[in-house]
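The primary structure of each chain is shown beneath.
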Amino acid sequence: MSVDRELRNLVEKLQSENQALRRQLLELEEVATELAATKDANEALRRQLELADEVRDTWHRNATRLRRELAIAREEQLRLRRVIDDERLEHRRQLKKLKKA
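Now for a look at the structure at hand. (Residues numbered from 1 in each chain as written. Predicted model: local features only at pLDDT ≥ 70, side-chain atom pairs only at ≥ 80, totals over all residues. Heavy atoms only, no water.)

### Comments concerning the overall build of the protein chain
Item 1. Scanning the protein chain for helices and strands turns up one helix and zero strands.
Item 2. For 101 residues, the compact-globule estimate of 2.2 N^0.38 gives 13 Å, and the protein chain exceeds it by more than 25% at 43 Å.
Item 3. In the protein chain, which comprises 101 residues, the proportion classed as buried is 0%.
Item 4. In the structure as shown, the protein chain presents an accessible area of about 10,000 Å², 57% of it carried by carbon and sulfur atoms.
Item 5. Here the protein chain contributes 24 positively and 21 negatively charged side chains, and the mean placements of these two sets differ by 19 Å. (Helix = DSSP H or I, 4+ residues; strand = E, 2+ residues; numbered from the N terminus. Rg over C-alpha atoms; globule rule 2.2 N^0.38 Å. Buried < 20%, exposed > 50% of the residue type's maximum accessible area, 1.4 Å probe, protein only. Areas by Shrake-Rupley, 256 points an atom, 1.4 Å probe, with all protein chains shown as cover. Lys, Arg positive; Asp, Glu negative; His and termini not counted. Charge placed at Lys NZ, Arg CZ, Asp CG, Glu CD.)

### Regarding the pattern of salt bridges
Item 1. This structure, assessed with the given rule, holds eight salt bridges.
Item 2. Linking Glu 43 and Arg 46 is a salt bridge whose minimum nitrogen-to-oxygen distance equals 2.9 Å. Of this pair, Glu 43 and Arg 46 both sit in helix 1 (residues 2–100), three residues apart, which is roughly one turn of that helix.
Item 3. Residue Glu 43 is classed as partly exposed on the basis of its relative accessible area, which comes to 33%.
Item 4. Between Asp 57 and Arg 56 there is a salt bridge; the shortest N-O distance is 3.3 Å.
Item 5. Connected through salt bridges with shared partners, the residues Glu 43, Arg 46 and Arg 47 form a single ionic network. (Salt bridge = Lys/Arg side-chain N within 4 Å of Asp/Glu carboxyl O.)

### Comments concerning the environment of Ala 71
Item 1. Its place among the elements puts Ala 71 in helix 1.
Item 2. The spatial distance from the C-alpha of Ala 71 to the C-alpha of Arg 82 is 17 Å, given a sequence separation of eleven residues.

### Some words on a negative patch on the surface
Item 1. A cluster of acidic side chains, namely Glu 27, Glu 29, Glu 30 and Glu 34, defines a negative patch on the protein surface.
Item 2. Looking at the secondary structure, you find Glu 27 in helix 1. (Patch = residues over 30% accessible without salt bridge, like charges linked within 9 Å, V, L, I, M, F, W, Y side chains within 5 Å.)

### Details of a nonpolar patch on the surface
Item 1. Taken together, the side chains of Val 3, Leu 7, Leu 10 and Leu 14 define a hydrophobic patch exposed on the protein surface, amounting to about 360 Å² of accessible area.
Item 2. Looking at the secondary structure, you find Val 3 in helix 1.

These figures capture arrangement, not role.
Dropping the structure here:
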């Protein structure tokens, strides 16, 4: 009977170890699931970052273009003011000549 008892003890011990291993396996599966979810989230964040970089680059290009256009418009405004001032001056000169005549 002692052999039966030893075998029974051994079976119980192995069953207990198997249960512990199953719990560890479940924990590892949970960790693997969390890891996969984290990888997916990281990939989604990476895509968002890439899109944000593209948008930032587009805004930068647009801002640069608008600054150039503003500088050109300011130069044109100054040129037109000079033309108007020159025309006013010429108009005044012509009025003076007409008044003298």
